[in-house]
Amino acid sequence: MPDSQPQPPHSSFPSDPAGHGSLLLSGARLADGRIVDVRLCGGRIEAVGTAGSLAVAHPSGPGTRVDLTGYLLLPAPAEPHAHGDTALTADVPGPVSHEPEDVQRRVTEAALLQLGHGATALRAHVRVGDVPGLGALLAVLRARRALRGLAELTAVAMPRVLTGVAGADGLAMLRDAVKMGADVVGGCPDLDPDPAGYVEAVLEVAAEHGRPVDLHTDAADPARLARLAAMAGGLRPGVTVGPCDGLGRLPADVASRAADRLAAAGIAVLCLPQGPCGQGGDGGAAHREGTAPVRLLRAAGVRVAAGSGALRDVSNPVGRGDPLEAAYLLASRHGLRPEEAYDAVSGAARATLGLPEVRVEAGFPAELLAVRGDRLAGALSLAYGRIVVHRGRVVARTSAVREYGDSTTSAELGLPRQGRGERP
């Protein structure tokens, strides 16, 4: 994975860990058009001032300044719906290995790819029970430790069946998973013979351990969704459901009433604009017709976040895992303004994960993404160059240069050079 490896010690990356020294991001453009300097220290934004007004705390230290001229500086996105345990397996011949070492490698590589796109926090949904047992979860927890300092990785335990005789082992496995370190209680009630019983079991385990809940559901059955909202309403630290593709196939009045119930219960919806995640038991085939009705849900007051879902596995062999692509699709297909679309993969996604808000203002966490460009709409369209900041340090950098054979023509026409934001 040469394009996603952490940089070696000789890298020019500013590499002071959070709490040691400061980092100055100079000449960055904000979404409101201002050109500013941003000083980071201790994992937080220490100061924001007009361009040229701030200095680094220790000017003699190496790698303490990053020139962001030509970059748009944004709160970093988060990935609220990843399946790292199955990622990058679309081209694997034969059965996919569930050995912990192989799962850890896939999870780590997938997380680094998504970190390169800008996601400094990721929530990985992991199967427990059946063939993987607790091995896949163990692998994700090991990957979480290995990635510390680069990205925040949390794990959702996903049992297959929780009710009846067959569900007894799954329920025991779920409790063991939480004790082992799973951060979130999840699963897919649509696959259980008793979906309501499944939800009840998940909520009970979550309440016992004070964990949030994140459930896979197509939401195609409004009565079932109403029961879920009634049972889960008010649970703290919160409930998320998704991808809810089935809501988009319901009559508008029925979908509207369902959205009102979700809003009243304080349940967030996680949509997957880039395609299915294959966790509905059919490889995602039933969910290729569309995604959740994002504008209807937002109008009802539901918090809507967007995730990536599958990353090059059998359900989406070309999945990119790029939050900016998810935002682009929300803007181009669902009619959201670029600011609303980006919030779905940043502010709303972070809130869904229970993370603090990020603004490019003093006092907020230094979780930032710099993208080549000067407007958010352009960044969502052509986000080639990116610099990712986690806990106040640069943790990933992606650059791209586009060249044309006849440079005289572009010079005569005064065309901008891609990636530089300037006239030749």
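Remember, predicted model here, so these are calculated numbers, not experimental data. (Residues numbered from 1 in each chain as written. Predicted model: local features only at pLDDT ≥ 70, side-chain atom pairs only at ≥ 80, totals over all residues. Heavy atoms only, no water.)

**Let's talk about the overall build of the chain**
Right, on to step 1. Helices and strands together make up the secondary structure of the chain, namely 12 helices and 16 strands.
Right, on to step 2. Looking at the chain as a whole, 52% of its 424 residues qualify as buried.
Right, on to step 3. Pairs at least 24 apart in sequence give 72% of the contacts found in the chain among residues at least 6 apart.
Right, on to step 4. When the accessible surface of the chain is summed, it comes to about 18,100 Å², and 51% of that surface belongs to carbon and sulfur atoms. (Helix = DSSP H or I, 4+ residues; strand = E, 2+ residues; numbered from the N terminus. Buried < 20%, exposed > 50% of the residue type's maximum accessible area, 1.4 Å probe, protein only. Contact = heavy atoms within 4.5 Å. Areas by Shrake-Rupley, 256 points an atom, 1.4 Å probe, with all protein chains shown as cover.)

**Considering the pattern of salt bridges**
Right, on to step 1. Applying the stated criterion across every chain yields a total of 20 salt bridges.
Right, on to step 2. Between Glu361 and Arg359 there is a salt bridge; the shortest N-O distance is 3.8 Å.
Right, on to step 3. Taking relative accessible area as the criterion, Glu361 reaches 36% and is therefore assigned partly exposed.
Right, on to step 4. On the accessibility criterion, Arg359 (37% relative accessible area) is partly exposed.
Right, on to step 5. Residues joined in a network through salt bridges with shared partners are Arg298, Arg337, Glu339 and Glu340. (Salt bridge = Lys/Arg side-chain N within 4 Å of Asp/Glu carboxyl O.)

**Structural notes on the sheet that holds strand β11 (residues 239-243)**
Strand pairing in a sheet relies on backbone hydrogen bonds. The paired strands run either parallel or antiparallel.
Right, on to step 1. Strand order in the open sheet formed by eight strands is β6-β7-β8-β9-β10-β11-β12-β13, with parallel pairing between adjacent strands. Single-partner strands in this sheet number two, and they are β6 (79-82) and β13 (304-306). Between one strand axis and the next, the sheet turns through 25 degrees on average, direction left out of account. (Pairing = 2+ DSSP bridges. Axes fitted to C-alpha atoms, helices over the stretch in contact; angles between N-to-C directions.)

**Regarding the state of the cysteines**
Right, on to step 1. Going through the model one piece at a time under the given rule, you end up with zero disulfides.
Right, on to step 2. In this structure Cys271 is not part of a disulfide, and its nearest cysteine sulfur, from Cys244, lies 9.2 Å away. (Disulfide = S-S within 2.5 Å.)

**Looking at the pairing of strand β16 (residues 393-398)**
Right, on to step 1. Sheet topology note: the strand β15 (residues 386-390)/β16 ladder contains five bridges and is antiparallel. Within the sheet, the bridge partner assigned to His390 lies in β16 and is Arg393.
Right, on to step 2. Connecting the antiparallel pair β15 and β16 is a turn made up of two residues, with Arg391 showing a positive phi of about 55 degrees.

**Comments concerning the packing of helix α3 (residues 164-180) against helix α4 (residues 195-209)**
Right, on to step 1. One way to put it is that α3 packs onto α4 with a least axis distance of 11 Å and a crossing angle of 30 degrees. With respect to their mutual orientation, α3 and α4 come out roughly parallel. Both α3 and α4 take part in a crossing whose hand is right-handed. Contact with α3, carried on its side by Leu171, Leu174, Arg175, Val178 and Lys179, involves Ala201, Glu204, Val205, Glu208 and His209 of α4 and no other residues of that element.
Right, on to step 2. Partitioning the contact of α3 with α4 into residue classes produces five nonpolar, one polar and four charged. (Parallel < 35°, antiparallel > 145°, perpendicular 65-115°, else oblique. Left-handed = near helix turned anticlockwise from the far one by under 90°. Nonpolar A, V, L, I, M, F, W, Y, C, P; charged D, E, K, R; others polar.)

**Regarding the pairing of β11**
Right, on to step 1. The element β11 is largely enclosed, with a buried count of five among its five residues.
Right, on to step 2. Relative to β11, strand β10 (residues 213-217) runs parallel, the two being bridged by five bridges. Bridge pairing in β11 links His216 to Gly242.
Right, on to step 3. In this region the chain leaves β10, passes through helix α5 (residues 222-232) and returns to the parallel neighbour β11; the handedness of that crossover is right-handed.
Right, on to step 4. Sheet topology note: the β11/strand β12 (residues 268-271) ladder contains two bridges and is parallel. Residue pairing for β12: Thr240 is matched across the bridge by Ala268.
Right, on to step 5. Handedness of the crossover joining β11 and β12 through helix α6 (residues 252-265) is recorded here as right-handed. (Right-handed = clockwise from strand over helix to strand, strands pointing away.)

**Considerations on the packing of α4 against α5**
Right, on to step 1. At a minimum axis separation of 10 Å, α4 and α5 run at an interaxial angle of 20 degrees. It follows that α4 is roughly parallel to α5 by the angle criterion. By crossing handedness, the relation of α4 to α5 is classed as right-handed. The residues of α5 that touch α4, namely those facing Pro195, Ala196, Val199, Glu200 and Leu203, are Arg224, Arg227, Leu228, Met231 and Ala232.
Right, on to step 2. Tallied by class, residues from the contact of α4 with α5 come to seven nonpolar, no polar and three charged.

**Remarks on the environment of Thr217**
Right, on to step 1. Secondary-structure assignment places Thr217 in strand β10.
Right, on to step 2. Residue contacts for Thr217: discarding those within four places in its chain leaves Asp190, Val241, Gly242, Pro243 and Cys244.

**As for the nonpolar core**
Right, on to step 1. Counting 82 residues, the largest nonpolar core has Leu247, Ile267 and Leu297 as its most contacted members.
Right, on to step 2. Counting residues per element, this core draws most heavily on α4, at seven residues.
Right, on to step 3. Look past the residues within four positions of Leu247 in its chain and what remains in contact with it is Asp218, Ala219, Leu225, Ala255, Ala258, Leu262, Pro293 and Leu297.
Right, on to step 4. Core analysis: the next-biggest nonpolar cluster, separate from the first, contains 21 residues, Leu25, Ile45, Val358 and Ile387 among them. (Core = buried A, V, L, I, M, F, W, Y, C linked by side-chain atoms within 4.5 Å.)

**As for the confidence of the model for the chain**
Right, on to step 1. Of the residues in the chain, 87% have a pLDDT of 70 or more, and the chain-wide mean is 88.
Right, on to step 2. Across residues 15-19 the pLDDT falls below 50, and counting only partners more than four positions away or on other chains, this stretch makes nine contacts in the model.
Right, on to step 3. A low-confidence stretch, residues 420-424 (pLDDT under 50), is modelled with 13 contacts involving residues beyond four sequence positions or located in other chains. (pLDDT = per-residue confidence, 0-100.)

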